[in-house]
Amino acid sequence: MNTILRTQLAGVARRPARLLLTGLAVLVASFVVYATVLADQVTQRSVLAGLSGTPEAADLIVRNGTVDDKQLAAITAVPGVSRTAARLEIGVQLGGQYLNITADPGSGPLALVKVTEGRYPSAADEIAVSPRTVKLLGLTVGSTTTIDPGTGKKVPLKIVGVVDPPQDFGYDGFAPVATVLGLTGEHYIQQVDIDVAAGTDAGPIADRITALFAGVKQDERPAVATGADVRLQEARAASSDIDQIFAVVGAFVGIAVAAAGLIAASTFRIVFAQRMRQLALLRAVGAGRGATFRALAAEGALTGLVTGLVGVAAAQAAGYLVPAALRGFGMGVKSPGFPLLWALGTVLLAIVISVVAVLAPAVSASRVAPLEALRTAAGTGARTGIGVLRWIAGLLPLAAALALVAYVVSSLPGPDEENYDAGTMVLTVVASGALAFVALIALGPVLVRPVLAVAGWPLRRIGPVGRLAVGGVGGSARRAAAVSVVVALGVTLVAGVLVGAASIQALGERELAASAPADFEMTGSEGSTLPDTFVTTAKGSRELTRVTAYRRLTEAQVAQYDHLAVTDLDVNALPRLRDLDVRTGAVDDLRPGAAVISRMLSEINGAGVGDTVQVRNGKKSVSLTVVAVLGDSAPLHTEMLVTPGDLTALGAGPQASGLLADASADGADGRTEALRAMRAAGGNSTDYTVDVLADQRDELNSDLNTLLAIGLGLIGLTVLIAVVGVGATTALSVVERVRESGLLRAIGMSRGSLRAMLTAESALYGVIGAVLGLVLGVPYAWLAVQAIGVNAPLAVPGWQLVVAFLALVALTALAGVLPARRAARVSPVTALGTD
């Protein structure tokens, strides 16, 4: 054993580059794991440093109780208190829009806002607003507006400044505490921030402040906490969200680690196959199978140790360099520490991955008979078939995966089904996908050849180089399967995210087509109508387009349904209404005497396409034929869509209930000008509200784009491992086939052709993996979306999948470029002389 181990370690010492190449996937996995730990630490430190909502100067906080203005004065007068800042807020109506006014000192160490334009309010009739509020509400410094604080009287306020708040929601105003108290009409404060004089102990001051409330009822008595404790609670609340995010990241890192293990097993198998002659000689001079196996396993452990150390060191270096670079751009990003236990754990993980990955190849290598091994230096990678046990190991999980799919499909919910357990169904889909992937690993060598026969057809048509590339991959089906399966895992995840996001977006667009069919909506109070001049002015505005008035009844009735909302909105006037979710029938068939109804109305009354419903409104009654049933509500949260004539027959007056319009110009500026025009059309009256419906679409698109970017970024870890695996496999294949390359060069193949052949082989690994990944990813993505229970349609983003396919093929091809260049540089004479 010692002799064999020394021989193996001597070989590693002579070729350290091969050790790193063999464990390259493990090295990358180690880097990813430890870098994730450091990223979590950096994020946590940055959050603790800068995302607390309480000023650093606040030494004490009085909160969670009732504090009036007299008690505030008493707190301020406590000896040792340097200054106080009262916190309270009130929601008011401004021109039909919501505005939240918060008390803040505006300057000094306890201020949460900073003036960027104008000045901070000082008089009782002055406020400052945030930058986004200026745009969305059409306010300017120096202008005067009127608000309704809910006290029964309108209050004029002058905009005297623009401030930068911790968070800008677009409806934020700020003023001194006296102004906000005056708007509330009361004398109660929600919180008091206290700055203790320098060199003063905050403990006794907290006791004196607590004593001020000794006579207050227990349920109304405020608590006195230290500013440090409050900031820590706020930071922990933010950190809990970060912990959840990194828990999801950890799941994807786990997938990447599993992929690294598969790649490592494949590379060890190739390396041992190249050393069959050496192993045979050791067996011939008396080395037993057990000793050979232990020596190879020790080599695997050494590979894990070295690659783990290199990966951790590289991640630690990046952990210090990246935050330093970001700070150079003015970003407040903290540097990580050196989490020793995590570093040791990562190295240990690398060793475990390598040892587990080396077991099967070591067993195969130790079992080769000396005479058989002496006949060839080729290896196990050239074997194309699989044995009976591997067939069983593949078919059993495949059958289980299909059984779970059948269970999920049979259990999918109907419309508005109650007590549906979406979590269990989603976990069942994940379990089925995992079993399908296990089957793919086992049956991979069998699946490679038919996929290669189709995918390699264009290459065969190119000429000898293409045929040789296809033959090189097909001649080592097990090796091709081992690498392509990891690529398939990455493509499966990518396809799943793309298809899932597209399906959810299609569902969102259908729902928003009914609730937000335009950029803006103007309405009055419930039951009121809009003057005709509003509609005329809006239609004459250059900033607005597709101005559409509609009428609405809210107290109509049909059998078994009271308080029925009915509208006559023109579905042809707004393009987004074409995305309505129509379950049966056609909205285009809407005509006098017909109606489009919601799913709920259809289910309650048992009415479908072709049925007649009797609609009543007071003493008016109309008989309507159902021409379409929608998947959800009718437009603008109604239950029925009819023609204007039928709505008039039901008693609707001539004036509009609401007004819809789109912005003429794209972008934020165009929407801001359109919002101003919409408000101007209503005379800037506070009796009418203009809602920005486009914000709902923007929020949906923003959320989906963010989730898509995060998902693809996390999946990129697995894709990175797969690309590294392709590069390592190609590099080791070049070493293994030096004589073959020399023979090809000797019979006339140019260096460029040899490079092209080997690069094409690398690309074929990507093609095979991408095809298998798409075959798995798209169906499972649809099944997962259906299992959630949201009844989303299947949306296949064809061009995105094509881009992902081509990108994976390009990356795998690039991974083979350097090994191909190395092979082409070896002279034919030298290559033919290699043993």
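Residues numbered from 1 in each chain as written. Predicted model: local features only at pLDDT ≥ 70, side-chain atom pairs only at ≥ 80, totals over all residues. Heavy atoms only, no water.

Now, about the overall build of the protein chain: what can you tell me, with residues and values included?
Check the secondary structure of the protein chain and you find 27 helices and 24 strands. Counting all 835 residues of the protein chain, 47% fall into the buried class. In the protein chain, 83% of the contacts between residues at least 6 apart in sequence involve partners at least 24 apart. If you sum the accessible surface of the protein chain, you get close to 37,900 Å²; carbon and sulfur atoms cover 60% of it. (Helix = DSSP H or I, 4+ residues; strand = E, 2+ residues; numbered from the N terminus. Buried < 20%, exposed > 50% of the residue type's maximum accessible area, 1.4 Å probe, protein only. Contact = heavy atoms within 4.5 Å. Areas by Shrake-Rupley, 256 points an atom, 1.4 Å probe, with all protein chains shown as cover.)

Before we move on, can you summarise unusual backbone geometry with the specific residues and values?
Look at Leu-636: it is not a glycine, yet its phi comes out positive at around 60°. Inspection of the secondary structure puts Leu-636 in the loop between strand 21 (620–630) and strand 22 (640–641).

Outline the confidence of the model for the protein chain, supporting the account with residue identities and numerical values.
Counting all residues, the mean pLDDT for the protein chain is 81, and 84% of those residues have values of 70 or more. Within the model, the stretch residues 376–382 combines pLDDT values under 50 with 17 contacts to residues more than four positions away or in other chains. (pLDDT = per-residue confidence, 0-100.)

Let's hear about the environment of Gly-471: which residues, and what values?
Examined against the element boundaries, Gly-471 turns out to sit in helix 16 (residues 464–474). On the basis of relative accessibility, which here comes to 43%, the residue Gly-471 falls in the partly exposed class. The spatial distance from the C-alpha of Gly-471 to the C-alpha of Leu-452 is 9.5 Å, given a sequence separation of 19 residues.

Explain the packing of helix 13 (residues 388–410) against helix 24 (residues 751–788) to me, and be specific about the residues and the numbers.
Pairs of packed helices are described in terms of their axes, by the angle between the two and the distance that separates them. Running from N to C, helix 13 and helix 24 cross one another at 40°; their axes reach a closest spacing of 10 Å. Relative to helix 24, helix 13 is oriented oblique. For the element pair helix 13 and helix 24, the recorded crossing hand is left-handed. Contacts from Ala-401, Val-405, Val-408 and Val-409 in helix 13 reach Tyr-780, Leu-783 and Ala-787 in helix 24. (Axes fitted to C-alpha atoms, helices over the stretch in contact; angles between N-to-C directions. Parallel < 35°, antiparallel > 145°, perpendicular 65-115°, else oblique. Left-handed = near helix turned anticlockwise from the far one by under 90°.)

Residues and numbers for a positive patch on the surface, please.
On the surface, a cluster of positive charge is contributed by Arg-751, Arg-755, Arg-821, Arg-822 and Arg-825. Those elements that provide at least two residues to the positive patch are helix 24 and helix 26 (817–825). The leading source of residues in the positive patch is helix 26, at 3 residues. You can see Arg-751 is positioned in helix 24. Look at Arg-751 and you get partly exposed, because its relative accessible area is 43%. (Patch = residues over 30% accessible without salt bridge, like charges linked within 9 Å, V, L, I, M, F, W, Y side chains within 5 Å. Salt bridge = Lys/Arg side-chain N within 4 Å of Asp/Glu carboxyl O. Lys, Arg positive; Asp, Glu negative; His and termini not counted. Charge placed at Lys NZ, Arg CZ, Asp CG, Glu CD.)

Could you give me a rundown of helix 16, with the residues and numbers involved?
Along helix 16, the residues that are buried comprise Gly-466, Ala-469, Val-470, Gly-472, Val-473 and Gly-474. In the core, the buried residues of helix 16 are packed alongside helix 14 (422–455), helix 15 (457–462), helix 17 (477–515) and helix 24.

Please provide a residue-by-residue account of the nonpolar core, values included.
Among the nonpolar cores identified, the biggest contains 78 residues, and Leu-440, Val-473, Ile-721, Leu-754 and Ile-768 are the most heavily contacted of them. The element contributing the most residues to this core is helix 24, with 15 residues. Excluding residues that lie within four positions of it along the chain, Leu-440 makes contacts with Leu-447, Val-485, Ala-488, Leu-772 and Leu-776. In terms of nonpolar packing, the next biggest core, distinct from the first, is built from 38 residues, Val-62, Leu-88, Ile-90 and Ile-147 among them. (Core = buried A, V, L, I, M, F, W, Y, C linked by side-chain atoms within 4.5 Å.)

Describe the sheet that holds strand 1 (residues 60–63), with residues and values.
The strand order 3-12-1-13 describes an open sheet built from 4 strands, whose pairing is antiparallel. Where the open sheet ends on each side, the last strands, each with one partner, are strand 3 (81–87) and strand 13 (223–226). Here the strands of the sheet are splayed against their neighbours by 20° on average, with no regard to which way each runs. Where strand 1 meets strand 12 (residues 191–196), 3 bridges bridge the pair, whose relative direction is antiparallel. Counted as the bridge partner of Ile-61 is Asp-193 from strand 12. Against the sheet, helix 4 (residues 69–76) makes contact with strand 1, strand 3 and strand 12, and its axis sits at roughly 155° relative to strand 3, the strand it touches most. (Pairing = 2+ DSSP bridges.)

Account for the sheet that holds strand 14 (residues 520–523), with residues named and values stated.
Strand order in this open sheet of 4 strands is 15-23-14-24, and the pairing throughout is antiparallel. At either margin of the open sheet sits one strand with a lone partner, and together these are strand 15 (544–550) and strand 24 (689–692). Strand-to-strand twist across the sheet, computed as the mean angle between neighbouring axes with direction ignored, equals 20°. Bridge count for strand 15 against strand 23 (residues 658–663) is 5 bridges, and the pairing is antiparallel. The residue of strand 23 that forms the bridge with Thr-548 is Leu-660.

Describe the packing of aromatic side chains, and please don't skip the residues or the numbers.
Evaluated as defined, the whole model comprises 3 aromatic pairs. Aromatic pair Phe-169 and Tyr-171: ring centres 5.9 Å apart, planes at 20°, arrangement stacked. Since its relative accessible area comes to 34%, Tyr-171 is described here as partly exposed. For the pair Phe-534 and Tyr-688, a centre-to-centre distance of 5.0 Å together with 80° between the ring planes defines the contact as edge-to-face. Here the residue Phe-534 occupies a position in helix 18 (residues 532–539), and Tyr-688 occupies one in the loop between helix 21 (667–681) and strand 24, the gap between them amounting to 154 residues. Just as Phe-534 is buried, Tyr-688 falls in that class too. Taken together, Tyr-98, Phe-169 and Tyr-171 form an aromatic cluster joined through their ring pairs. (Phe/Tyr/Trp six-rings, centres within 6.5 Å; stacked < 30°, edge-to-face > 60°.)

Account for the side chain of Thr-179, with residues named and values stated.
By secondary structure assignment, the location of Thr-179 is in helix 6 (residues 177–184). Not counting the four nearest positions on each side in its chain, Thr-179 is found in contact with Ala-123, Ala-124 and Glu-126.

So what's going on with the pairing of strand 24? Residues and values would help.
Alternating residues of strand 24 divide into Val-690 and Val-692, all buried, and Thr-689 and Asp-691, none buried. Pairing between strand 14 and strand 24: 4 bridges, direction antiparallel. Residue pairing in the sheet places Glu-521 in a bridge with Asp-691 of strand 24.

Account for the environment of Val-347, with residues named and values stated.
Tracing the backbone through its elements, the reader meets Val-347 in helix 11 (residues 340–366). You can call Val-347 buried: its relative accessible area is 10%. Placed 39 residues apart in sequence, Val-347 and Gly-308 show a C-alpha to C-alpha distance of 4.5 Å.

Any chance you could break down the pattern of salt bridges for me, citing the residues and the numbers?
Side-chain pairs of opposite charge can arise whenever the charged atoms involved come near each other. One pass over the full model with this rule turns up 12 salt bridges. A salt bridge links Asp-193 to Arg-87; the shortest N-O distance between them is 2.9 Å. Linking Asp-193 in strand 12 with Arg-87 in strand 3, this pair joins segments that are 106 residues apart in sequence. The structure contains a network of salt bridges with shared partners spanning Asp-519, Arg-546, Arg-576 and Asp-662.

Before we move on, can you summarise the pairing of strand 1 with the specific residues and values?
Of the two faces of strand 1, the one carrying Leu-60 and Val-62 and the one carrying Ile-61 and Arg-63 are both buried. The sheet contact formed by strand 1 and strand 13 spans 4 bridges and is antiparallel. Note on strand 13: the bridge partner recorded for Arg-63 is Ala-223.

Outline a nonpolar patch on the surface, supporting the account with residue identities and numerical values.
Nonpolar side chains collect at one region of the surface, where Tyr-320, Phe-338, Leu-340, Leu-341 and Leu-344 lie side by side and expose about 560 Å² of accessible area between them. For the nonpolar patch, the leading source of residues is helix 11, giving 3 residues. Note on placement: Phe-338 falls in the loop between helix 10 (289–328) and helix 11.

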